[in-house]
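The chain contents come next:
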Amino acid sequence: MYIVLLGAPGAGKGTQASRMAEQIGLAHVASGDLFREALSNRTELGLLAKSYMDRGALVPDEVTIRMIFERVALPDCAKGVILDGFPRTIAQAEALDRTLAGQGKNIDLVLYIKVSEDELLSRLGGRWLCRRCQAPYHIKSAPPKVAGVCDVCGGELYQRTDDSMETARNRLVVYFDQTAPLIEYYQTKGKLVEVDGEQEIEAVTRELVDVVRARQVQK
Ligand SMILES: [Zn+2]
């Protein structure tokens, strides 16, 4: 069973993928981890990918797909795979479909964790840290008792550049430009199931797991 998990940065995709994988016994294949592993193990594909990265070029989709297929051939993937972080673009989705079709397979299910843009912005852009003890805060979900002051040590709170509203907005612009079109791509193919990502983490996992289990029964 091949499952693709879609969701914007801040939607909790990585967290949900590993929770689902654990509960259903599927393998969680995160494309970011694949690159890191292939590079540190200096595999043939890892070195090939590195040769592009060293030139400042994008790693071709075919190379990434070969990396995914190498991973998917391992025994822990026998029951099924949750792809996290790939495909990111329509071109990648088409290349993945072609490769799977060549093996008589296809994507069975695409799960989309839906979170509104306002909520994503507040999740991504709302993180603050204490300058002195590094305690983390969030303007909405874990605010300090006094604005700008650490509850633990009284230190000053600050935002890393990565956590600023501007960086958050930029990340979302890239996502809505490149990855959001995939939602329609898979919807047209009748593979997309949408799950409300603004519920509690446990409730989101439960819904995702239910959808997969229902699909497993049908198969
Ligand atoms: Zn502190």
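Basis of the calculations
Residues numbered from 1 in each chain as written. Predicted model: local features only at pLDDT ≥ 70, side-chain atom pairs only at ≥ 80, totals over all residues. Heavy atoms only, no water. Core = buried A, V, L, I, M, F, W, Y, C linked by side-chain atoms within 4.5 Å. Buried < 20%, exposed > 50% of the residue type's maximum accessible area, 1.4 Å probe, protein only. Contact = heavy atoms within 4.5 Å. Donors = N, O, S within 2.8 Å, 3.2 Å for Na, K, Ca; no water. Tetrahedral: all angles 85-135°; square planar, octahedral: opposite > 155°, others 65-115°. Helix = DSSP H or I, 4+ residues; strand = E, 2+ residues; numbered from the N terminus. Polar contact = N/O pair within 3.5 Å; in protein donor to acceptor, adjacent residues only side chain to side chain. Patch = residues over 30% accessible without salt bridge, like charges linked within 9 Å, V, L, I, M, F, W, Y side chains within 5 Å. Areas by Shrake-Rupley, 256 points an atom, 1.4 Å probe, with all protein chains shown as cover. Salt bridge = Lys/Arg side-chain N within 4 Å of Asp/Glu carboxyl O. Lys, Arg positive; Asp, Glu negative; His and termini not counted. Charge placed at Lys NZ, Arg CZ, Asp CG, Glu CD.

Enquirer: Please give an account of the nonpolar core that cites residues and values.
Expert: Grouped together as the largest cluster of nonpolar side chains are 61 residues, with contacts concentrated most on Leu6, Met67, Leu96, Leu111, Tyr186, Leu208 and Val212. Setting aside residues up to four positions removed in sequence, valine 212 forms contacts with Met1, Ile3, Met20, Ile24, Leu26, Leu109 and Leu111. Cys130, Ala135, Tyr137 and Cys150 belong to the second-largest nonpolar core, a separate cluster that totals five residues.

Enquirer: Explain the coordination of the zinc ion to me, using residue names and the numbers behind them.
Expert: Ideal geometry at a metal gives 109.5 degrees between four tetrahedral donors and either 90 or 180 degrees between six octahedral ones. At this site the zinc ion is bound by Cys130 (SG), Cys133 (SG), Cys150 (SG) and Cys153 (SG), with donor distances of 2.2 to 2.4 Å. Around the zinc ion, the four donor atoms sit at angles spanning 101 to 116 degrees, and that spread fits a shape best called tetrahedral. All donors of the zinc ion belong to a single chain; written as a sequence motif, their spacing is C-x2-C-x16-C-x2-C. Among the residues examined, cysteine 153 registers a relative accessible area of 27% and is labelled partly exposed.

Enquirer: How would you sum up the environment of arginine 127? Please name residues and give values.
Expert: Positionally, arginine 127 belongs in strand β5 (residues 127-130). Placed 15 residues apart in sequence, arginine 127 and alanine 142 show a C-alpha to C-alpha distance of 9.0 Å. Here arginine 127 is in contact with Tyr137, His138, Gln159 and Asp163, once residues within four sequence places are set aside. Here the side chain of arginine 127 touches aspartate 163 through a polar contact of 3.3 Å, side chain to side chain.

Enquirer: Account for a negative patch on the surface, naming residues and giving values.
Expert: A cluster of acidic side chains, namely Glu117, Asp118, Asp196, Glu198, Glu207 and Asp210, defines a negative patch on the protein surface. Those elements that provide at least two residues to the negative patch are α6 (117-125) and α9 (201-218). Tracing the chain through its elements places glutamate 117 in helix α6. Taking the relative accessible area as the measure of exposure, glutamate 117 reaches 46% and is therefore partly exposed.

Enquirer: Tell me what's going on with unusual backbone geometry, and back it up with residues and numbers.
Expert: Of note, the bond from phenylalanine 86 into proline 87 is cis; its omega dihedral lies within 30 degrees of zero at -5 degrees. Assignment of secondary structure puts proline 87 in the loop between β3 (81-84) and α5 (90-102). Phi at glutamine 134 is positive, roughly 65 degrees, even though this residue is not glycine.

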